[in-house]
Amino acid sequence: MKRILCFGDSNTYGYDPRGGRYGEDERWPMRLSAALGEGFSVVEEGFGGRTCVYDDPIEGGYKSGASYLPPCLMSHNPLDLVILMLGTNDAKRRFGLTPVTIGEGLAQLVRLIRLYGQDAGGQPPAVLIVAPAPVEPPVLNTRMAESFGEHALEVTRGLAAEYARLARLMRCAFFDAAPVAEVSPIDGVHLSRRGHARLAEALAGQVCQILS
């Protein structure tokens, strides 16, 4: 049995931009599990507002991926692969980060995975870095405009290139979600149902390649 941990924010949790949460047959981690079939176990670890390394002074605590990741890994070991999809919330204006500084935070998570994660043989799991789909202009017409704004549109468009560079340096696998993970026109941040489906379909092939 190959075990996979999907660690991310509200787009891994499966937040529905109309409110609530998408069903288990709609969220990309569970759709990935269905696509992979027997022999794979997929664990969902998505949390709204999660960043790479920061707690949020406005939305409250427990938002730092770096703080939560070590016990999360140890509670789910053994793991063969960890899929990281974070960075959207780091682009909020109150953090004042750039694609490079967000990437530096993500690099800390990769180091934590290699320190606290292990497969059945006691070796660190493989890591797949996923650059999230960029924030789109509809967010400017929502209540989230104060948090994201034009700043987030620019910053999130720069994450794919920075994450690809980071993946090469740290010898991780990389995937750019932008071409397949459709963002809902309702809020410009959260994935549509079709976005979840297409992301899962695209990731399934790469996961099989990584774990073959």
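Quantities reported herein were computed from a predicted structural model and do not represent experimental measurements.

## A word on helix H7 (residues 193-211)
Piece 1. Taking 1.5 Å as the rise per residue, H7 with 19 residues should run 27 Å; its terminal C-alpha atoms sit 27 Å apart, in good agreement.
Piece 2. Along H7, the residues classified as buried are Gly195, His196, Ala197, Leu199, Ala200, Leu203, Ala204, Gln206, Val207 and Leu211.

## Observations regarding the packing of helix H2 (residues 28-36) against H7
Two packed helices can be described by the angle between their axes and the distance between those axes.
Piece 1. At a closest axis distance of 8 Å, the pairing of H2 and H7 adopts a crossing angle of 50°. If you check the angle between H2 and H7, you find them oblique. By crossing handedness, the relation of H2 to H7 is classed as right-handed. Seen from H2, the contacting residues are Trp28, Arg31, Leu32, Ala35 and Leu36; seen from H7, they are His196, Ala197, Leu199, Ala200, Leu203, Ala204, Val207 and Cys208.

## Re the sheet that holds strand E1 (residues 2-8)
Two modes of strand pairing occur in sheets, parallel and antiparallel, and in both the strands are linked by backbone hydrogen bonds.
Piece 1. A sheet is described by the order of its strands in space; here 5 strands give the open sequence E2-E1-E3-E4-E5, paired in parallel fashion. Of all strands in the sheet, those with a lone pairing partner are strand E2 (40-46) and strand E5 (173-176), marking the two edges. Across the sheet, the mean angle separating the axes of adjacent strands is 20° when strand polarity is ignored.
Piece 2. The sheet contact formed by strand E4 (residues 126-131) and E5 spans 4 bridges and is parallel. By the bridge assignment for E5, leucine 128 is matched with alanine 173.
Piece 3. This element, helix H3 (residues 65-76), spans E1, E2 and strand E3 (81-85) of the sheet and lies at about 165° to E1.
Piece 4. Its contacts with the sheet put helix H6 (residues 159-170) on E4 and E5, and the angle it makes with E4 is roughly 165°.

## Considering the side chain of aspartate 90
Piece 1. One can find aspartate 90 in the loop between E3 and helix H4 (99-116).
Piece 2. Here aspartate 90 sits buried without a salt bridge, and the closest side chain of opposite charge, lysine 92, lies 8.9 Å off (N-O distance).
Piece 3. Beyond its immediate chain neighbours, meaning those up to four positions away, aspartate 90 contacts Thr51, Cys52, Val53, Phe95, Leu97 and Ile102.

## Things to note about the nonpolar core
Among soluble globular proteins, nonpolar side chains are generally buried collectively.
Piece 1. Formed by 39 residues in total, the largest nonpolar core has its most connected members in Leu84, Leu106, Leu109 and Ile129.
Piece 2. Leave out the neighbours within four places in its chain, and leucine 84 touches Phe7, Leu106, Leu109, Val110, Ile113, Val127, Leu128, Ile129 and Val130.
Piece 3. Listed in part, the 27 residues of the second largest apolar core include Ile4, Phe40, Ala133 and Ala204.

Criteria and thresholds
- Residues numbered from 1 in each chain as written.
- Predicted model: local features only at pLDDT ≥ 70, side-chain atom pairs only at ≥ 80, totals over all residues.
- Heavy atoms only, no water.
- Helix = DSSP H or I, 4+ residues; strand = E, 2+ residues; numbered from the N terminus.
- Expected span 1.5 Å × (residues − 1).
- Buried < 20%, exposed > 50% of the residue type's maximum accessible area, 1.4 Å probe, protein only.
- Axes fitted to C-alpha atoms, helices over the stretch in contact; angles between N-to-C directions.
- Parallel < 35°, antiparallel > 145°, perpendicular 65-115°, else oblique.
- Left-handed = near helix turned anticlockwise from the far one by under 90°.
- Contact = heavy atoms within 4.5 Å.
- Pairing = 2+ DSSP bridges.
- Lys, Arg positive; Asp, Glu negative; His and termini not counted.
- Salt bridge = Lys/Arg side-chain N within 4 Å of Asp/Glu carboxyl O.
- Core = buried A, V, L, I, M, F, W, Y, C linked by side-chain atoms within 4.5 Å.

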